[in-house]
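Each chain, written out:
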Amino acid sequence: MLILGIETSCDETAVAVVENGRRVLSNVIFSQIPLHQKTGGVVPEVAAREHTSSIIPVIKRALTEAGVAPKELSAIAATAGPGLIGCLLTGLTTAKTLALIWRKPFIPVDHIKGHLMSPWLLNPSGTSEKFASMTPRFPIVSLTASGGHNELVLLRAPRRRNGMPRLTILGQTLDDAAGEAYDKAARIMGLGYPGGPAISQAAVGGNPHRYPLPRAWLEKGKNPRKWQNFSFSFSGLKSALLRLVESLPRNRPSSDVDGVRLQADLAASFQEAVNDVLATKLLLAAERYSAREIHLAGGVSANTDLREKIRRAVETRQHPLFGRLTFHKNITFRTPQTLSFCTDNAAMIASAGYFRYQQNPRRYSRWRNFEAYSDR
Ligand code: KG4
Ligand code: ZN
């Protein structure tokens, strides 16, 4: 099955063609980041207008790069939410219109389910035979950490072959998502937008233990072995960082060696505080549910330090707080194969669309029947 995926929930106009849910034939991303750098964040109205002008050229390019003609497509999938409504409308309405004209099934996709699928995607140019032949093994514990969402879920084998895995939410953020925390921290520190890459770059060579910033474990018990709260909270950390920055000497010139050192130590300490909580809760959940795979997805999964923390703990089966971790004996850790699969993209939407379609093919083939159809 060849699925055309369309993603316009925030500041990326993205279109992709994916074969059988995993093999990415094209993955075109038109990023608005340079536009939003001027305002230090996404202005919804500006983002929505950009999508309207870029959507058609991006669709054309995705089809050309995949070498696929519209008549060869099996279905069209688009992000239906969550996201900025003005932005979603462009992708969704374009997808439905094309599905009508080209007489294809239309599949609405939840953006977070898309992120969940991103570690399954195969990048044809960089995929080894071994990886390509490996189908994910359940149960999977998966963390999606992005600018808008922070969700830790348990995935169990689907009821139908190639259907959507059964999903149980183990924890979500109670306030800011991890990516949002990175973006706000970067603003406090006077670094650029988006904050995640800016902070991880500034943190290189910094001392992550110079400033002991708080971790919201959201647990009362002193014994970490008994912890079972998989929710997240990052707003206290953001306030602590703001107070810390305000207490530090101001207006140091960037040529000042101590000033540069201080910035690196601050960035490294902040990164450590966020990643410590993300990695710990993910590892703890993997142990608790005897996961055979640990998946990390969303924009923050691009963070090298976070990946390393998890990889090291999986390899050594040791954690600084808990000591020995008793994982499933053949546990595997997967992150998206390329950085373009971590941040918003349409390959993940086409993939989630495929698994949703397989769950109930008749439903999506009948979508033009107005009375019988609902996006939910
Ligand atoms: O998944 P995504 O592209 O969009 C949403 O669905 O929100 O995630 C974007 C977020 C931004 O907050 C950005 O700062 C963060 O992902 N991010 C990173 C890194 N690259 C992107 N955070 C930490 N380290 C990175 N290297
Ligand atoms: Zn996203």
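The structure under discussion appears in the preceding block.
Since the structure is predicted, the reported quantities are computational estimates derived from the model, not experimental observations.

Student: Explain the overall build of the protein to me, please; I cannot follow it from the model alone.
Tutor: Along the backbone of the protein there are 13 helices and 12 strands. If one aligns the C-alpha atoms of the protein with their principal axes, the spans along those axes are about 65 × 50 × 40 Å. In the protein, which comprises 376 residues, the share counted as buried stands at 52%. Of the contacts made within the protein by residues no fewer than 6 positions apart, 72% connect residues no fewer than 24 positions apart. Summed over all atoms, the accessible surface of the protein reaches about 17100 Å², with 53% contributed by carbon and sulfur. Across the protein, the centroid of the 48 positively charged side chains sits 8 Å from that of the 30 negatively charged ones.

Student: Just checking my understanding: could you explain the nonpolar core for this structure?
Tutor: Grouped burial of nonpolar side chains is what soluble globular proteins tend to show. The biggest cluster of nonpolar side chains holds 53 residues, and the ones touching the most others in it are Leu152, Phe234, Phe270, Leu278, Ile294 and Ile310. The element that contributes the greatest number of residues to this core is helix H9 (residues 257-288), accounting for 15 residues. Setting aside residues up to four positions removed in sequence, isoleucine 310 forms contacts with Ala279, Leu282, Leu283, Ile294, Leu296 and Phe333. Val24, Val153, Ala346 and Ala352 belong to the second largest nonpolar core, which has 29 residues in total.

Student: What is the right way to read the pairing of strand S4 (residues 75-81) from this model?
Tutor: Side-chain positions along a regular strand alternate between the two faces of the sheet. Along S4, 6 of the 7 residues are buried, which leaves the element largely enclosed by surrounding structure. Bridging between strand S1 (residues 2-7) and S4 involves 4 bridges; their strand directions are parallel. Each residue of the ladder has a partner; that of isoleucine 3, found in S4, is alanine 75. Sheet topology note: the S4/strand S5 (residues 106-110) ladder contains 5 bridges and is parallel. Across the sheet, the residue bridging to glycine 81 is aspartate 110, located in S5. With respect to chirality, the unit in which S4 leads through helix H3 (residues 85-102) into the neighbouring parallel S5 is right-handed.

Student: It is not clear to me how the coordination of the zinc ion (ligand 2) should be interpreted in this structure. Could you clarify?
Tutor: Around the zinc ion (ligand 2), the donor atoms from the protein are His111 (NE2), His115 (NE2) and Asp344 (OD), and they sit 2.0 to 2.1 Å away. Its 4 donor atoms give the zinc ion (ligand 2) angles of 97 to 131° at the centre, a pattern that matches the tetrahedral case. When the donors of the zinc ion (ligand 2) are listed by position in the chain, the intervening gaps give H-x3-H-x228-D. One end of the pair is histidine 111 and the other is histidine 115, both in helix H4 (residues 111-117) and 4 residues apart, which spans about a single turn. Both residues of the pair, histidine 111 and histidine 115, belong to the buried class.

Student: What am I meant to see in the side chain of glutamate 151 here?
Tutor: Tracing the backbone shows glutamate 151 in strand S7 (residues 150-156). Put simply, glutamate 151 is tucked away with no salt bridge, and the nearest opposite charge, on lysine 113, sits 7.4 Å away. In this view, glutamate 151 contacts Ile112, Ser142, Leu143, Thr144, Ile169, Gly171 and Gln172; residues no more than four positions away in its chain are not counted.

Student: Is there a simple way to explain the site of ligand 1 in this structure?
Tutor: Near ligand 1 there are 22 residues, and of these Gly147, Gly148, Asp183, Gly196 and Asp344 occur at the shortest range. Within the side chain of aspartate 183, one N or O atom sits 2.7 Å away from an oxygen atom of ligand 1. For ligand 1, whose unbound accessible area comes to 550 Å², protein coverage reaches 89%. Of all the elements in the fold, those that place two or more residues in the shell around ligand 1 are H4, helix H6 (178-188) and helix H7 (195-202). A breakdown of the residues in the shell around ligand 1 according to their chemical character gives 6 nonpolar, 14 polar and 2 charged.

Conventions used here
- Residues numbered from 1 in each chain as written.
- Chains lettered and ligands numbered in written order.
- Predicted model: local features only at pLDDT ≥ 70, side-chain atom pairs only at ≥ 80, totals over all residues.
- Heavy atoms only, no water.
- Helix = DSSP H or I, 4+ residues; strand = E, 2+ residues; numbered from the N terminus.
- Buried < 20%, exposed > 50% of the residue type's maximum accessible area, 1.4 Å probe, protein only.
- Contact = heavy atoms within 4.5 Å.
- Areas by Shrake-Rupley, 256 points an atom, 1.4 Å probe, with all protein chains shown as cover.
- Lys, Arg positive; Asp, Glu negative; His and termini not counted.
- Charge placed at Lys NZ, Arg CZ, Asp CG, Glu CD.
- Core = buried A, V, L, I, M, F, W, Y, C linked by side-chain atoms within 4.5 Å.
- Pairing = 2+ DSSP bridges.
- Right-handed = clockwise from strand over helix to strand, strands pointing away.
- Donors = N, O, S within 2.8 Å, 3.2 Å for Na, K, Ca; no water.
- Tetrahedral: all angles 85-135°; square planar, octahedral: opposite > 155°, others 65-115°.
- Salt bridge = Lys/Arg side-chain N within 4 Å of Asp/Glu carboxyl O.
- Near = heavy atom within 4 Å.
- Polar contact = N/O pair within 3.5 Å; in protein donor to acceptor, adjacent residues only side chain to side chain.
- Nonpolar A, V, L, I, M, F, W, Y, C, P; charged D, E, K, R; others polar.

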